[in-house]
Each structure stands twice: as C-alpha cells, then as structure tokens.
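Each chain is listed here by its residues.
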Amino acid sequence: MESKAYNILMYSHDTYGLGHIRRTMAIARNLVGPEVNILIVTGSPIVGRYTMPRGIDFVRIPGMIKKTNMVYMPHSIKVDPKIAISIRTNIISATAKSFKPDLLIVDKVPTGLKSEVLPTLKWMRKHLPCSRVVLGLRDILDDAESTRADWARKKFPDVLRDLYSEIWVYGSKAMYDPIVEYAFPEDIAAKTVFTGYIPRFVPSTRRTRRKHKQVIVTIGGGGDGYVVLDTYLKMLETNGTVDFKTLMITGPFLSPERLDELADRARALKVQIKPFVRNMEKRMARSDLVVSMGGYNTMCEILSLKKPSLIIPRDNPRREQLIRAQVFKDRGLCDYIPWGQVSPETMRAKINALLEDPSPYSSALDSFAMTGLEVMRERLQFFRENC
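What counts, and where the lines are drawn
- Residues numbered from 1 in each chain as written.
- Predicted model: local features only at pLDDT ≥ 70, side-chain atom pairs only at ≥ 80, totals over all residues.
- Heavy atoms only, no water.
- Pairing = 2+ DSSP bridges.
- Helix = DSSP H or I, 4+ residues; strand = E, 2+ residues; numbered from the N terminus.
- Axes fitted to C-alpha atoms, helices over the stretch in contact; angles between N-to-C directions.
- Buried < 20%, exposed > 50% of the residue type's maximum accessible area, 1.4 Å probe, protein only.
- Polar contact = N/O pair within 3.5 Å; in protein donor to acceptor, adjacent residues only side chain to side chain.
- Contact = heavy atoms within 4.5 Å.
- Phe/Tyr/Trp six-rings, centres within 6.5 Å; stacked < 30°, edge-to-face > 60°.
- Salt bridge = Lys/Arg side-chain N within 4 Å of Asp/Glu carboxyl O.
- Disulfide = S-S within 2.5 Å.
- Arc of directions from axis to C-beta.
- Parallel < 35°, antiparallel > 145°, perpendicular 65-115°, else oblique.
- Left-handed = near helix turned anticlockwise from the far one by under 90°.
- Nonpolar A, V, L, I, M, F, W, Y, C, P; charged D, E, K, R; others polar.

Asks: Quick rundown of the sheet that holds strand E9 (residues 192-194)? Include the residues and the values.
Replies: Taken in spatial order, the seven strands of this open sheet run E3-E2-E1-E6-E7-E8-E9, and their pairing is parallel. Each of the sheet's edge strands pairs with one partner strand only, and the pair in question is strand E3 (56-60) and E9. Going from strand to strand, the sheet's axes swing by 20° on average, the running direction of each strand aside. Where strand E6 (residues 103-107) meets strand E7 (residues 132-138), five bridges bridge the pair, whose relative direction is parallel. Within E7, the position partnered with Ile105 by the bridge is Val134.

Asks: Got a sec to walk through the side chain of Ser131? Specific residues and values, please.
Replies: Relative to the helices and strands, Ser131 is located in the loop between helix H3 (118-127) and E7. Owing to a relative accessible area of 15%, Ser131 belongs among the buried residues under this scheme. Within the local environment of Ser131, its side chain forms a polar contact with the backbone oxygen of Pro101, the two atoms lying 2.7 Å apart. Beyond its immediate sequence surroundings of up to four residues, Ser131 is in contact with Pro101, Asp102, Met124 and Ser165.

Asks: Lay out the packing of aromatic side chains in plain terms, naming residues and giving numbers.
Replies: Under the counting rule described, the total for this entry stands at eight aromatic pairs. The interplanar angle of 15° and the centroid separation of 5.5 Å between the aromatic rings of Trp151 and Phe184 together place this pair among those described as stacked. Pair noted here: Trp151 is in helix H4 (residues 144-154) and Phe184 is in the loop between helix H6 (178-181) and helix H7 (186-190), with a separation of 33 residues, a long-range link. For Trp151, a relative accessible area of 8% corresponds to the buried category. Relative accessible area serves as the criterion here: at 9%, Phe184 is assigned to the buried category. Ring geometry for Tyr197 versus Tyr296: centroids 5.8 Å apart, planes at 25°, classification stacked.

Asks: Could you give an account of the pattern of salt bridges, with specific residues and numbers?
Replies: Evaluation of the coordinates by the stated rule reveals 20 salt bridges. Among the salt bridges present, the one from Arg267 reaches Asp264, with a minimum N-O distance of 3.0 Å. Here Asp264 and Arg267 lie together in helix H9 (residues 256-269), a separation of three residues that amounts to about one turn. One salt-bridge network, in which partners are shared between bridges, spans Asp230, Lys234, Glu237, Glu261 and Arg265.

Asks: I'd like a description of helix H11 (residues 296-305), backed by residues and values.
Replies: Of all ten residues making up H11, ten are buried, and the element is well covered by its neighbours. Within two residues after H11, Lys306 carries a phi angle of roughly 55°, on the positive side.

Asks: Account for the state of the cysteines, with residues named and values stated.
Replies: Counted by the stated rule, this structure contains zero disulfides. Here Cys300 stays free of any disulfide, with the sulfur of Cys334 as its closest cysteine sulfur at 13 Å. Judged by relative accessible area, which is 1%, Cys300 ranks as buried. Using a relative accessible area of 1% as the deciding quantity, one classes Cys334 as buried.

Asks: How would you explain helix H5 (residues 156-163) if you had to name every residue and give the values?
Replies: The complete set of buried residues in H5 reads Phe156, Val159, Leu160 and Leu163. For H5, the angular spread of buried residues about the axis comes to 100°, placing them on one side. Summarising the contacts, the buried residues of H5 are in contact with H3, E7, H4, strand E8 (166-170) and H7.

Asks: An account of the environment of Met10 is requested, with residue identities and associated values reported.
Replies: Looking at where Met10 falls in the secondary structure, it is placed in strand E1 (residues 6-12). Separated by 185 residues in the primary sequence, Met10 and Thr195 have C-alpha atoms spaced 17 Å apart. Beyond its immediate sequence surroundings of up to four residues, Met10 is in contact with Thr24, Ile27, Ala28, Ile38, Leu39, Ile40, Val41 and Ile105.

Asks: An account of the packing of helix H1 (residues 19-31) against helix H15 (residues 372-385) is requested, with residue identities and associated values reported.
Replies: Two quantities define a packed helix pair, namely the angle between the helix axes and the distance between the axes. Relative orientation of the contacting elements H1 and H15 amounts to 55°, with a least axis distance of 10 Å. The angle between H1 and H15 places the two elements in the oblique class. Here H1 runs over H15; the crossing is right-handed. In this structure, H1 contributes Ala26, Ile27, Asn30 and Leu31 to the contact, and H15 contributes Leu373, Met376, Arg377 and Leu380. The class makeup of the residues in the contact of H1 with H15 is six nonpolar, one polar and one charged.

Everything listed here is a matter of geometry and, on its own, says nothing about what the molecule does.
Shown next, in the form of structure tokens:
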C-alpha cells in the first residue's frame, strides 16, 4: 500500500568538510515528523557517524574532494572524475524517481556539483509538477563580484527561474542581503525567503564551580585549518603556564601526519585533542570561549549557545568566512583576527581579553534571534496545505 507520508528529499552539497551535512542534519531533524519522511542524498564520508532519528535516512553517493574552485576529484574510488560524477548523477536521479518527493531541498548550488542535480530537477518539473523545489543558501557565499560572475557564467538565475519554487536564505536580511549583494533579478528576489539563522540544540548544563576556564578550538572538517591549530599550540608553547584548559577538535579530514604532530605537541601541553565529536553542542556548552574559523554552522552553534568567540577566518579561495566575521564583529557578536595577521602574540592577547571580560559581547549574543527552524516549519506547513 502506498504511503501517505509527505516525502522530503534533501541533496547535501558535500565535498571536503562538515558544514553542509551538519546544516542538512539540523534542518532534517527539525522538519521530520510522524507523517514526514526525509531522505538525504550526500557525498559526505562521515554521514554514517551521525545518529539518524526515526523518519530520516540517507543515500550515500561517491565522495568528491575540492582541489580548486573548479576541480573536484573522487575522495576514495580511483576513477576519472567524470565517471564519479556520472555515478552520483544516476544515483540522485534514481532516488528521486523511486522516492517521488513532495519537496526537494537542494543545498547551496542550484544545479548541484558539476550539474549533477539538473536531470532530477528537469524530471521533477515534468513528472511531479505539484512537488516543490527549494534552494537552501547560507547567507554569505563569497564576495559580491566573484559570486555574481559565477552565477552568471553558470546561468543559475535561469535555473532558479524555471525549476525552483523558492529560495531559502539561512540568514538575516538586515545583516547581509544576498538579493542586493549578488544582484538577484526581481523575479528571483520575489521567490526568496529569509529564514534567519538556524539554531542548534542547547543542552542543559549543571552549573559547577571550576578551577579553570575552558577554551574549545574547532576548525570544522579540518582540511584547511592547520594554521589555527598550529598557532594556538605555539601560543601555549611560548607562554609558559596558563590558567585555562583546552579542548582541541581537529576535524576528521586533517591529514594523519599533521594530526600525529599536533597530538604529540598537545600531549606535552596537557591539551585534550580529538579528531571528531558527535556532540559538539555539549562540548561547546561547557566552554567559556570558542576559537574557530567562523564557518556558517560553527557560528550558528556559537550564537545558539551564546558563547564569546575568537574567529580566525580563512580568506582563500573564498572570502565567505572573512565577510561573516566582519559582519558579526560589527554587531558585537564576536572578535576576529584576519588570517594574514594571526600570530601566537595576537591570539593570546585576544583570548586573554575575552576570558577576562566577555561582557562587551554578552548583550548582543543574548538578544540575537535564531528563527531559521521556525520559519522553515511554517513554509513546510504552507506547502502541505497548498499542494
């Protein structure tokens, strides 16, 4: 007997990091329900490490690694990249044809990696005309000039115009407006819904008196944040004794050689070091300060838990993290050090100031609204009532 459940298919644009799958999982956990099935199609090599609540499952496609903004290589299988993309394209298409989603949510790239979602979009337009298709965008993609050129070259406005029902921007228009920055055409702007930032689970923590404050250092997936970890350890190595404890999370994609090197140094400093944790929110909730690169998802965790933070944003190959750090700093939500200016001395000065007196950031953090999940639930309810 055919299921009467509302089927949501989510495509997660995963290459070499944790951001996309973490955002996708946060949204899926929010939208799933007794009469809602969610199937996630992803290339994330670590998706199996996450606990899947009832009603959510995933289809794993071959993983890809981004070498440059234009070049992607298979993560594990030794085949030509075109063959890997062909396999991914066929799996995505077959999944959609079998699952027959009432709603497809595509993460970040309107056509998917190397246009792998385009055949599915066209098939749904023809065979599932009542189904909705949504593009989910983090608020900041890159600087305005680069993003406008990239979207024009790939003809994304035409795709959004012809094949999408809505665009959900996971951010606040008042903080950063991609409609203006990226020059959305008027009809695309009319399809755009600002959800607000996506809140994360806030665990209950018992208040206990601690002898030392706790700093957590996290660089997301770990593929591009070695400089942050190295500089942090140099800060400790050259500073003698400190009156705070450190948990360093390197990310699962840091190379084994660098992980071994950092682990040896961390052990000598009595720094706890882990490649990956499932319960990031619990670890962060117990901390007094977060040091990170300021990716979208980490910033959402920081905002949800209302933690003071020091951001060291990468500015290459994209300027997304730097722009976000500047926007958040201007609103009193974090402090940051530009990538090219980070040093043990500058890092120590910032960390000391934030641990000694976080009050300059407390008011802005306490009053920051996180509406993303609420607005998405409202849009889902609208779709279900207006099939």
